[in-house]
Amino acid sequence: MGSNENGLPFRKLQWFGKEAPYINQIKIDLCDQMIIGRYGGNRQAGAYKNEDGAMVVKGADWEFAMVLDGHNSAESVDLVLKTLENEWKKLAAFLEEPVESAFQLFENHILSVFQSPAFLEACKQIQGETACLLCVRKENYLWWLSVGDCVLYLLHEDLHKLGQYALNQRQFFEWIGQINTFSLPVPCYSFGIRELRTGLNRIVLITDGVLECAGRYYETPSRFYTDCYEGEVQTNVEHILQHVHENSGQDSATIICWDYHNPLPATYPSNQPMR
């Protein structure tokens, strides 16, 4: 349990794969209703290290989640986790602001940190780089920022009927760290805000180990929806990670997943009645 600069409480769980790799092991933890699932890879397939990382925070009326997927050492994952840990009280205070301003304040601060001279210099001193995906749910909206190839899914039956699952597109040449797309003259990243649908919204962040095991079964998003949306969250996360294990997933796989039941009406086209 922590508190922001205004003294308001939040619950936080942070994990660094180098320190707790979970090779050949599925590990599930809860932070309030948020599920974090980790699998370090199949030892028989050659897995010997875990360079993923994650952070989840539950505030009074919001949730924050982040997954990281390191490359060529876990130093970049450690750097990003420690950097956001140092900034967290400020970031949590922004999320207590009204939703009309909270996301912009939060995003501006994240970008200022990632582009600060001190952080850019620290990135030059480490080995390797990391993909990084962050998201925040507040009221009936979801904000996200993505660097690299982790994936954020917003799962809902309305979206499923139209074949929409992922909010971001995987980008294979973006990182934070030794190779750093925030150090370019024009930083490269993706971001967005989405309105949540009425009813059950299941929010999911994954690292690429979920997708890239043998057969690449979950690269078909409708399969991921079927195995992740229908049923209880923790059971589904365990099932997906067990699939990675049974299909000789060598890379580490991390999932953060939680539900938000939105009571508010969502946007529909003008010729379709509101539900």
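Residues numbered from 1 in each chain as written. Predicted model: local features only at pLDDT ≥ 70, side-chain atom pairs only at ≥ 80, totals over all residues. Heavy atoms only, no water.

(A) Inspection of the overall build of the protein chain at higher detail. From N to C terminus, the protein chain includes six helices and 13 strands. In terms of C-alpha radius of gyration, the protein chain reaches 18 Å, essentially the compact-globule figure of 19 Å for 275 residues. Within the protein chain, counting contacts between residues at least 6 apart in sequence, those at least 24 apart form 70% of the total. On the protein chain, roughly 11900 Å² of surface is accessible, and the fraction owed to carbon and sulfur atoms is 50%. (Helix = DSSP H or I, 4+ residues; strand = E, 2+ residues; numbered from the N terminus. Rg over C-alpha atoms; globule rule 2.2 N^0.38 Å. Contact = heavy atoms within 4.5 Å. Areas by Shrake-Rupley, 256 points an atom, 1.4 Å probe, with all protein chains shown as cover.)

(B) Main features of the packing of aromatic side chains. The final tally for this structure, using the stated rule, is 16 aromatic pairs. On the numbers, 5.8 Å between centres and 55° between planes, the contact of Tyr165 with Tyr225 is tilted. In this pair, Tyr165 is assigned in the loop between helix 4 (157–161) and strand 10 (176–177) and Tyr225 in helix 5 (residues 221–229), connecting sequence segments 60 residues apart. Here Tyr165 matches Tyr225 in class, with each residue buried. Aromatic side chains Tyr217 and Tyr218 sit 5.1 Å apart centroid to centroid with 80° between the ring planes, which places their arrangement in the edge-to-face category. Taken together, the ring pairs connect Trp62, Phe64, Trp88, Phe106 and Trp143 into an aromatic cluster. It is Arg38 that lies over the ring of Trp15; its NZ or CZ is 5.4 Å from the centre. Residue placement shows Arg202 over the ring face of Tyr229; its charged tip is 5.9 Å from the ring centre. (Phe/Tyr/Trp six-rings, centres within 6.5 Å; stacked < 30°, edge-to-face > 60°. Buried < 20%, exposed > 50% of the residue type's maximum accessible area, 1.4 Å probe, protein only. Lys NZ or Arg CZ within 6 Å of the ring centre and 35° of its normal.)

(C) Quick peek at the packing of helix 1 (residues 75–95) against helix 2 (residues 99–114). For the pair helix 1 and helix 2, the least separation of the axes is 10 Å and the interaxial angle reads 155°. By the angle between their axes, helix 1 is roughly antiparallel relative to helix 2. As helix 1 runs across helix 2, the sense of the crossing is right-handed. When helix 1 is examined against helix 2, the residues Val80, Thr83, Leu84, Glu87, Trp88, Lys90, Leu91, Phe94 and Leu95 are found in contact with a partner set consisting of Ala102, Leu105, Phe106, His109, Ile110, Val113 and Phe114. In terms of residue class, the contact of helix 1 with helix 2 is made up of twelve nonpolar, two polar and two charged. (Axes fitted to C-alpha atoms, helices over the stretch in contact; angles between N-to-C directions. Parallel < 35°, antiparallel > 145°, perpendicular 65-115°, else oblique. Left-handed = near helix turned anticlockwise from the far one by under 90°. Nonpolar A, V, L, I, M, F, W, Y, C, P; charged D, E, K, R; others polar.)

(D) Highlighting helix 2. Helix length check: helix 2 (16 residues) gives 23 Å between terminal C-alpha atoms against 22 Å at 1.5 Å per residue, within 8%. Among the residues making up helix 2, those that are buried are Val99, Ala102, Phe103, Phe106, Glu107, His109, Ile110, Leu111, Val113 and Phe114. (Expected span 1.5 Å × (residues − 1).)

(E) Expanded view of unusual backbone geometry. Of note, the phi angle at Asn72 is positive, near 65°, even though the residue is not glycine. Structurally, the position occupied by Asn72 is in the loop between strand 6 (62–71) and helix 1. Looking at Asn72, the relative accessible area reads 39%, which means it is partly exposed. Not every positive phi belongs to a glycine, and Glu139 is a case in point at roughly 50°. Turning to its location among the elements, Glu139 is positioned in the loop between strand 7 (129–138) and strand 8 (141–147). By relative accessible area, Glu139 is classed as partly exposed at 37%.

(F) Expanded view of the pairing of strand 4 (residues 34–39). Where burial is concerned, most of strand 4 is hidden: six out of the six residues are buried. Of the two faces of strand 4, the one holding Met34, Ile36 and Arg38 and the one holding Ile35, Gly37 and Tyr39 are both buried throughout. Where strand 3 (residues 26–31) meets strand 4, six bridges bridge the pair, whose relative direction is antiparallel. Bridged to Ile28 within strand 4 is Gly37. (Pairing = 2+ DSSP bridges.)

(G) The sheet that holds strand 13 (residues 253–262), seen in detail. Taken together, the five strands give an open sheet; going across it, the order is 3-4-13-12-9, and neighbouring strands pair in antiparallel fashion. Where the open sheet ends on each side, the last strands, each with one partner, are strand 3 and strand 9 (151–155). For this sheet, the mean inter-axis angle between neighbouring strands, taken without regard to orientation, is 15°. Strands in contact with helix 5 are strand 9, strand 12 (199–206) and strand 13; relative to strand 12, the strand with the most contacts, it is inclined by about 115°. Relative to strand 4, helix 6 (residues 233–246) is tilted by about 15°, and along the sheet it contacts strand 3, strand 4, strand 12 and strand 13.

(H) Molecular detail of the nonpolar core. One finds Phe64, Met66, Trp88, Phe106, Leu134 and Ile176 to be the most contacted residues of the largest nonpolar core, which totals 37 residues. For this core, the elements supplying multiple residues, two or more each, are strand 2 (9–16), strand 5 (52–58), strand 6, helix 1, helix 2, helix 3 (117–124), strand 7 and strand 8. With nine residues, the top contributor of residues to this core is helix 1. If we ignore the near neighbours within four places in the chain, the residues touching Trp88 are Phe10, Lys12, Val57, Trp62, Phe64 and Phe106. Core analysis: the second largest hydrophobic core is formed by 26 residues, Met34, Ile36, Leu196 and Tyr260 among them. (Core = buried A, V, L, I, M, F, W, Y, C linked by side-chain atoms within 4.5 Å.)

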